[in-house]
Amino acid sequence: MQPPAELRSDLVLVGGGHTHALALRMLAMRPLTGLRITLVSPASHTPYSGMLPGLVAGHYTFEETHIDLARLCQWAGVRFIEAEVTALDPAARRLALAGRPDIAYDLVSIDIGSGPEMDSVPGAREHAVPVKPVAGLWQRWRNLHQRVLERSGEEAYRIAVVGGGAGGVELSLAMAHRLADRPVGFDLWCGGAQILQGYNPRARAAVQAALERHGVAVHTASRVARVEPGCLQLEDGTRHPFAELFWCTGAAAAPWIAASGLSTDDGGFLAVRDTLQSPDDDRVFGAGDIAVQLDHPRPKAGVFAVRQAPALAQNLRARLLGRPLREHRPQRRFLSLVSLGDRRATADKGPFSLTGAWVWRWKDRIDRQFMAQFRALPARMAREGGDEVMARAGAPGPTTAAAGQMPCGGCGAKVGADALAAALDRLSRDFPEHCAGPGAGDDAVPIPAGRSGALLQSIDLLRELVADPWVMGRIAANHALSDLYACGARPLSALAAVVLPFASPGLLQRELEQLLAGALHEFAAVECRLAGGHSMQGGELAIGFVINGQPMRPDGRLLPKRGLAPGDRLLLTKPLGTGTLFAAHMQQRADGRAIRAAIDMMLVSNSSAAELALTFNAGAATDVTGFGLLGHLLEMLGADRGARLDLARLPLLEGALAGMSAGTLSTMHAANTLAERALQRGDAVDEGRLQMLFDPQTSGGLLIGVAADRAVELQRALVQAGYGAAAIIGEVTRYDPMNGAARVRCQ
Ligand SMILES: Cc1cc2nc3c(=O)[nH]c(=O)nc-3n(C[C@H](O)[C@H](O)[C@H](O)COP(=O)(O)OP(=O)(O)OC[C@H]3O[C@@H](n4cnc5c(N)ncnc54)[C@H](O)[C@@H]3O)c2cc1C
């Protein structure tokens, strides 16, 4: 029997830019044993620059022009962390992330692109829309487009674009094409003597003609000196009004690159050698706009980022395997295809230029081929038997098991004392009130004394649902806390049970730290102390908590699971659909945005909902988890109660109904459908919505039964408290098992 592979090295890819998306795909096709790859990027979708103008012009949809990084990572077996990196500490080999704990790496690669330079012009940052990040541009453009469509007057409306490079020109033409039949004027402001510096005169003339045809007024040698609300001022003092201003000037680098202390060029872009490594630290790689190849600098263009991908993938592999790296020589000349708004394009390469509809079709074909690589993902090569990474990316470091030896079971599978102590040491400094430090505990821990009344205890355990360990820790903590909330109890302390995939002590420590930091984030928010726990190594990750608590009510009364009266209304506090959505995610069929929304839902604590249920004197409550809504409802109803459910009112997560209707089911779904015996379906019920009753939920909402005259008010209070999807989904009925009717009727 093959021993399971031990993880030994962390490769972190920062930014889901063109180079990383491609390199990740290449790395996944030839996986390295013992390597854990993490991609950190602020959103699940990253734009493909070549098709951006076409998106604005209305030729393409959002999905056609964006790579779904969450889906790509799921396919590649790569951890996706949806976050923004804010600092790099090369000495400590750590990355700071906005709003969450920092992460460690053994090897890091940076491909975060660039943004337009805005800080040299006063007022630009406050009053202009930067062309990047594209998510912001897209939202503003959509709002603007809608506003223009809704305008009734014929009064002129001026849209200004600052920047006479290819980006500014293409954006102006795309917007002008989209709003061609509206009374909108366009101004393109260009600081240089001519637009498209570096392009040949024929290409420039063709683009000029297109700008004229689209009614875009081009102002060359017109440098913007300041921006005020609705007005820009040029260096010559003249002032020009605008209704919306887009900023598309030369590229600027994120300031944290230079702040890392690594060498940069004068613009703050990361300096790299031809191996794409920093000259100061060969564990740091850089590619795309953010990096400048010292010996072969090139303009900031997606085409260079794309061409760097094979070299980056190959060199990351080589560095991890201790093999020689190759040098990447970017091409000197490149083909630039400028789209002209109306499904025409101009090609420019050296002294050659061509213009026409066929050039656009040619560009369209190239762009669609590029994107097809991320849509139709091929089968990956087997993980076993591939090259094995060296411990900690080349640095000698201990591993937990001798090569080829099956890992031990029983207590031999415990996480090593050093890794555990180091993780707890760090966490107890970050959460002094809520985390017991290393060695603080005895063989057993006392449960903190709360107020009088019964002590309650519950346990819940989850397998890995999301690959981001900090988020997984948060979900597991929330999920476990819900059991207490459903009883109307407040948590006091928790014990963790964690199984970590086999890894070297260093990686075990990192993983444990992230998981528990996520859990502590939730526990600290509700004053629950993580008193101790147990951690093991095993084939796959699992995390759960025993939670102790006390009744929320001073008189010790709990919120029972049963005891509903006929006529009571049933309220559900959170939307359903995690089962089908994560089943689709595992099959790479879910949209990354839907997964993000589902995660956000799972991170909503049920604590306030429980408090509100008590305030409104609810008759009973339970939390909706693995057995699905119907399974948990049946538990609530007991022997002599039934229910009527209104399927149309079930709150559902975005994308869940589509997944369910397509037959994408959680593996638990079939077992949950046994409850269908208790169900009577009305005429013409929506089958997808009906199946939602069996969908298992992780960290789902509370199902609350409350008297009819308080139901609407409770629902309003829940919505105000942040449970935006809270809905009254049905009512409790009398049930007589002898009359043969079904216990739950749905319509
Ligand atoms: C309108 C327009 C049209 C263009 N058309 C073309 C064209 O046709 N051809 C061409 O070659 N070039 C074109 N460009 C230029 C092109 O956009 C860039 O050169 C290219 O996107 C650079 O790719 P990249 O891999 O460096 O990074 P990008 O593709 O910009 O991706 C960077 C990624 O990093 C993420 N990120 C950013 N900051 C952080 C952070 N702090 N932490 C983690 N992740 C982060 C971003 O969200 C993004 O996913 C165009 C630019 C514009 C504005």
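The structure we're discussing is the one just above.
None of the values given here were measured: they were computed from a predicted structure.

Definitions and cut-offs
All residue numbers refer to position in the chain's written sequence, counted from 1. Where totals are concerned, whole chains, interfaces and linings use all residues; where local detail is concerned, this predicted model gives features only for residues with pLDDT of at least 70, and gives and counts side-chain atom pairs only at 80 or more. Note that the side-chain values use all heavy atoms of the structure and ignore hydrogens as well as water. Only buried Ala, Val, Leu, Ile, Met, Phe, Trp, Tyr and Cys residues count toward a nonpolar core, and they belong to the same one when joined by side-chain atoms within 4.5 Å. To sort residues, take the accessible area from a 1.4 Å probe on protein chains only and compare it with the maximum for the residue type: under 20% means buried, over 50% means exposed, and anything in between is partly exposed. By definition in these notes, contact holds between two residues if any of their heavy atoms fall within 4.5 Å. Only protein atoms enter the 1 Å grid used here, on which a cavity is any set of points holding a 1.4 Å probe that cannot leave and a pocket is any open set flanked by protein within 12 Å on both sides along at least five of seven lines; residues with an atom within 4 Å of a point are listed as lining. Grid points are joined across faces, edges and corners, and a volume is the space filled by probe spheres set on the points. Only DSSP runs of H or I with at least four residues qualify as helices, and only runs of E with at least two residues qualify as strands; both kinds are numbered from the N terminus onward. Any residue outside Ala, Val, Leu, Ile, Met, Phe, Trp, Tyr, Cys, Pro, Asp, Glu, Lys and Arg is labelled polar, Gly included; the first ten of those are nonpolar and the last four are charged. Distance and chemistry together define a polar contact, namely a pair of N or O atoms within 3.5 Å, with one atom able to donate a hydrogen and the other to accept it when in protein, and with adjacent residues in sequence counting only for side-chain atoms on both sides. For this purpose, a residue is taken to be near a molecule or strand whenever a single non-hydrogen atom of the residue falls within 4 Å of it. Note that accessible areas follow from Shrake-Rupley with a 1.4 Å probe, and for residues the cover is restricted to the protein chains shown. For this count, His and the chain ends are skipped, Lys and Arg are scored as positive, and Asp and Glu as negative. Each reported salt bridge corresponds to a side-chain nitrogen of Lys or Arg within 4 Å of a carboxyl oxygen of Asp or Glu. The convention used is that axes are lines fitted to C-alpha atoms, helices contributing only their stretch in contact, and that angles between N-to-C directions extend from 0 to 180 degrees. Orientation categories follow fixed angle ranges, with anything under 35 degrees roughly parallel, anything over 145 roughly antiparallel, 65 to 115 roughly perpendicular, and all other angles oblique. Each crossing gets its hand from how the near helix is turned against the far one by less than a right angle, where anticlockwise is left-handed and clockwise is right-handed.

### Topic: the nonpolar core
Note on soluble globular proteins: their nonpolar side chains tend to be buried together.
Part 1: Within the largest apolar cluster, 108 residues are counted, with the highest numbers of intra-cluster contacts made by Phe523, Phe545, Leu570, Leu629, Leu633, Leu693 and Ile729.
Part 2: Excluding residues within four positions of it along the chain, Phe523 makes contact with His434, Ala477, Leu481, Ala494, Cys528, Leu530, Phe545 and Ile547.
Part 3: With 69 residues, the next largest nonpolar core counts Leu11, Ile67, Ala83 and Leu337 among its residues.

### So, empty space enclosed by the protein
Part 1: Tallied over the entire structure, the rule returns four cavities of 30 Å³ or more.
Part 2: Estimates place the volume of the largest cavity at around 140 Å³.
Part 3: Forming the boundary of the largest cavity are 15 residues, of which Gly288, Ala291, Arg298, Pro299 and Gln308 lie nearest the centre.
Part 4: Where the lining of the largest cavity is concerned, the elements lending two or more residues are strand E22 (291-293) and helix H10 (302-321).
Part 5: Split by residue class, the lining of the largest cavity holds eight nonpolar, four polar and three charged.
Part 6: Its boundaries defined by the atoms lining it, the second largest cavity holds a volume of some 80 Å³.
Part 7: Lining the second largest cavity are 13 residues; nearest its centre among them are Pro53, Gly54, His59, Ser339 and Trp360.
Part 8: If you list the elements that add at least two residues to the lining of the second largest cavity, you get helix H2 (52-57) and helix H11 (357-375).
Part 9: When residues of the lining of the second largest cavity are assigned to their parent elements, the largest contribution, four residues, is made by H11.
Part 10: Here the residues of the lining of the second largest cavity sort into four nonpolar, five polar and four charged.

### Points about the side chain of Gln277
Part 1: Its place among the elements puts Gln277 in the loop between strand E20 (270-272) and strand E21 (284-286).
Part 2: On the accessibility criterion, Gln277 (4% relative accessible area) is buried.
Part 3: Here Thr275 takes part through its side chain, which lies 2.8 Å from a polar atom of the side chain of Gln277.
Part 4: In terms of polar contacts, Gln277 uses its side chain to reach the backbone carbonyl oxygen of Asp282, at 2.8 Å.

### As for the site of the ligand
Part 1: Near the ligand lie 30 residues; those nearest to it are His18, Thr46, Asp111, Asp289 and Gly302.
Part 2: A distance of 2.9 Å is found between a nitrogen atom of the ligand and a backbone nitrogen or oxygen belonging to Val85.
Part 3: Backbone polar atom of Val303 to an oxygen atom of the ligand: 2.9 Å apart, as the coordinates give it.
Part 4: Look at the ligand: alone it shows 1000 Å² of surface, and the protein chains cover 84% of it.
Part 5: Counting only elements with at least two residues in the shell around the ligand, the list comes to helix H1 (18-29), strand E2 (35-41), helix H7 (166-178) and H10.
Part 6: Across the shell around the ligand, the residue classes tally to 11 nonpolar, 13 polar and six charged.

### Quick notes on the side chain of Arg689
Part 1: Checked against the element boundaries, Arg689 lands in helix H21 (residues 687-691).
Part 2: Despite being buried, Arg689 has no salt bridge partner; Asp686 is the closest side chain of opposite charge, sitting 5.2 Å away.
Part 3: Polar contacts involving the side chain of Arg689 include one to the main-chain carbonyl oxygen of Leu647, which spans 2.7 Å.
Part 4: In contact with Arg689, other than residues within four places in its own chain, are Leu647, Ala648, Arg649, Leu650, Leu652 and Leu657.

### Things to note about unusual backbone geometry
Generally, phi is negative for residues other than glycine and the peptide bonds are trans, each holding for most cases.
Part 1: Omega for the bond connecting Lys132 with Pro133 falls within 30 degrees of zero, at 0°, which places this linkage in the cis form.
Part 2: Turning to its location among the elements, Pro133 is positioned in the loop between strand E11 (129-130) and helix H6 (134-150).
Part 3: One non-glycine residue with positive phi stands out, namely Glu527, at about 55°.
Part 4: The residue Glu527 is located in the loop between helix H14 (505-525) and strand E28 (529-538) in this model.
Part 5: On the accessibility criterion, Glu527 (56% relative accessible area) is exposed.
Part 6: For Asn617, which is not glycine, the phi torsion reads 55° and is therefore positive.
Part 7: Mapped onto the elements, Asn617 comes out in the loop between helix H17 (607-615) and strand E31 (620-623).

### Concerning the packing of H1 against H10
Part 1: Axis separation between H1 and H10 bottoms out at 8 Å; the angle between their running directions is 45°. In this view, H1 runs oblique relative to H10, as classed from their interaxial angle. You can see that H1 and H10 cross each other, and the crossing is right-handed. Across the interface between the two elements, His18, Thr19, His20, Leu22, Ala23, Met26 and Leu27 from H1 touch Ala305, Val306, Gln308, Ala309, Pro310, Leu312, Ala313, Leu316 and Arg317 from H10.
Part 2: Of the residues that constitute the contact of H1 with H10, the class distribution is 11 nonpolar, four polar and one charged.

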